[in-house]
Amino acid sequence: MKRWWMMFLALVAAACQPFAAGAAGLVKSNHSRQAGADLPVVQAQAEQNNAFAFALYRQWDRQGNLIFSPYSISTALAMAYGGARGQTAAEMAQVAGFGEPQSFHSAMNGLDAQLAGRIYDADGKRIREMRLDVANALWGQKDTAFQADFLDLLAEQYGAGIYTVDYRANPEKARQTINDWVSDRTEKRIADLLPPGSVQTDTRLVLANAIYFYAPWMDAFEKDRTAPAPFYLPDGSTVEAQTMQRQGRYAYLLQDGLTVVRIPYQGGNLAMLVMMPAEGQMQAFEAQLDANQFAALQSQLQMGEARLYLPRFEFSSSASVKQMLQALGMKVAFEDEADFSGITGAPDLKISDVIHKAFVSCSEKGTEAAAATGITFVETSAMMPEEPVDLRFDHPFLFAIYDIPTGQILFLGRVNNPTK
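Here the structure is a predicted model, which means the values were calculated and not measured. (Residues numbered from 1 in each chain as written. Predicted model: local features only at pLDDT ≥ 70, side-chain atom pairs only at ≥ 80, totals over all residues. Heavy atoms only, no water.)

Thoughts on the overall build of the protein
Here comes step 1: Assigned secondary structure in the protein consists of 10 helices and 17 strands.
Here comes step 2: In summary, the protein has a C-alpha radius of gyration of 22 Å against a globular reference of 22 Å for 420 residues, a match within 12%.
Here comes step 3: C-alpha extents for the protein along the principal axes are approximately 70 × 50 × 35 Å.
Here comes step 4: Every one of the 420 residues in the protein was classed for burial, and the buried ones make up 58%.
Here comes step 5: For the protein, the distance from the average site of its 35 positive side-chain charges to the average site of its 46 negative ones is 5 Å. (Helix = DSSP H or I, 4+ residues; strand = E, 2+ residues; numbered from the N terminus. Rg over C-alpha atoms; globule rule 2.2 N^0.38 Å. Buried < 20%, exposed > 50% of the residue type's maximum accessible area, 1.4 Å probe, protein only. Lys, Arg positive; Asp, Glu negative; His and termini not counted. Charge placed at Lys NZ, Arg CZ, Asp CG, Glu CD.)

Structural data, given as structure tokens:
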């Protein structure tokens, strides 16, 4: 039984030619899903995905709280990349860290399979309450023809097919159908991914991936120990934040004002890495944090007894990622010269927007997170200290929810104010 993880969505709109739909309104290759690449190949691709994650992070608005799923965005772009050709494909590969198509899609498939196994412990038993759900689907104009090779790729590497809708006759109904699908697969945490007006009569395809995650901490915080504590905001003011407390053994790092701790979830393969630079140093830390430093920080963690103080937080973020991708060098995909002929057989599609929404909730019991991405296409260990150290996260910090065996970052965020 294969349950997947955090939820995500990619949206595509454009003009094409007729196809014959099945009786159930699903057009899908009869090819079975393949096994995907093995762990070393997956780890190498996860490193590329993480490099893209931090490049994207630096493009985001630096004000306020932030949560997004780089894994979601990578997966959405990966499926679109399956239909890209020429300079369009080359720019996508360079910006997002995609390699030679056949090996790349196999690596993404293998990564998905690795993550699907995280809901089981070392003995193969289902971890109670843990959720890691990932789902892929497409919605195409009912009289559009899609390339057989593209359908084969979706089936073999992403387990997806194309549901038929009628954008021409009723784009609002199609939009609601897709939004309902996303909402259902994210436990209603991601609602109305596609805003009014984003699906119109010229829409021809919506490519979607949804991701949902819930994991209990390996060692839960006790609710009766949660209490108000000061949290110092970037502008120098202070708020009282409900702060969780727990003493135990953690892998942590204290270095030049930087505080880092890894908080594992049940099963031990998934964790949250919390990174708090010295007060006033957040911008400098954000500017130099990349995939290499993220890995280096993990290698410097040392196990020890610690008193952990972490504020509860819950918030959501939404944004168009289009301008961020353009700033990173992915430009042709959004222009009339775009070539996604691998989807329909003709270079008649271009990306009109990339929409992303995400949610996170961190509490005494564990962490819940969900995300969706829409891509719209339109025509054209040192010694343990004798006394526990204090790890007090009382001013802005970053966090990453990631998979330890592969290194893949699933969610990346920043807490500027836990009370917002």
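Examining the environment of Gln323
Here comes step 1: Summarising the element assignment, Gln323 is placed in helix α9 (residues 322-328).
Here comes step 2: Judged by relative accessible area, Gln323 falls into the exposed class, the value being 64%.
Here comes step 3: Spatially, the C-alpha atoms of Gln323 and Met218 are 39 Å apart, while their sequence positions differ by 105 residues.

Thoughts on unusual backbone geometry
Here comes step 1: Non-glycine residue Glu187 carries a positive phi angle of around 50°.
Here comes step 2: Positionally, Glu187 belongs in the loop between α6 (171-185) and β6 (205-216).
Here comes step 3: You can call Glu187 partly exposed: its relative accessible area is 40%.
Here comes step 4: Despite not being glycine, Asp192 has its phi angle at roughly 55°, a positive value.

Here's the deal with helix α2 (residues 70-81)
Here comes step 1: Here α2 spans 16 Å end to end across 12 residues, near enough to the 16 Å set by a 1.5 Å rise per residue.
Here comes step 2: Buried residues dominate α2, accounting for 12 of its 12 residues.
Here comes step 3: If you check which residues of α2 are buried, you get Pro70, Tyr71, Ser72, Ile73, Ser74, Thr75, Ala76, Leu77, Ala78, Met79, Ala80 and Tyr81. (Expected span 1.5 Å × (residues − 1).)

Concerning the packing of aromatic side chains
Here comes step 1: Taken as a whole, this structure holds 17 aromatic pairs when the rule is applied.
Here comes step 2: When the centroid spacing of 4.5 Å and the interplanar angle of 20° are considered together, the rings of Trp60 and Phe68 count as stacked.
Here comes step 3: Owing to a relative accessible area of 8%, Trp60 belongs among the buried residues under this scheme.
Here comes step 4: Ring geometry for Phe393 versus Phe397: centroids 5.8 Å apart, planes at 70°, classification edge-to-face. (Phe/Tyr/Trp six-rings, centres within 6.5 Å; stacked < 30°, edge-to-face > 60°.)

A word on the nonpolar core
Here comes step 1: Grouped together as the largest cluster of nonpolar side chains are 67 residues, with contacts concentrated most on Leu77, Met275, Leu325 and Phe340.
Here comes step 2: Once residues lying within four places of it in the same chain are set aside, the contact partners of Leu77 are Phe52, Met92, Phe98, Leu325, Met330 and Ile375. (Core = buried A, V, L, I, M, F, W, Y, C linked by side-chain atoms within 4.5 Å. Contact = heavy atoms within 4.5 Å.)

Overview of α6
Here comes step 1: Compared with the 21 Å implied by 1.5 Å per residue over 15 residues, the 21 Å span of α6 between its first and last C-alpha is a close match.
Here comes step 2: Listed in full, the buried residues belonging to α6 are Pro171, Ala174, Arg175, Ile178, Asn179, Trp181, Val182 and Ser183.
Here comes step 3: Considering only its buried residues, α6 is in contact with β4 (135-141), β5 (162-165), β6 and β14 (366-379).
Here comes step 4: Among the residues trailing α6, Glu187 stands out with phi positive, at a value near 50°.

Looking at the pairing of strand β8 (residues 238-255)
Here comes step 1: Of the pairings in the sheet, the one linking strand β7 (residues 227-232) to β8 comprises 6 bridges and is antiparallel in character. Bridge pairing links Phe231 to Val239 in β8.
Here comes step 2: As judged from the 10 bridges shared by β8 and strand β11 (residues 302-311), these two strands associate in the antiparallel manner. By the bridge assignment, Gly248 is partnered in β11 with Ala306.
Here comes step 3: Bridging between β8 and strand β9 (residues 258-264) involves 5 bridges; their strand directions are antiparallel. Its bridge partner being in β9, Tyr252 is matched across the sheet by Val261.
Here comes step 4: In this structure, the hairpin formed by β8 and β9 is closed by a connection of 2 residues, where Asp256 is found at a positive phi of approximately 50°. (Pairing = 2+ DSSP bridges.)

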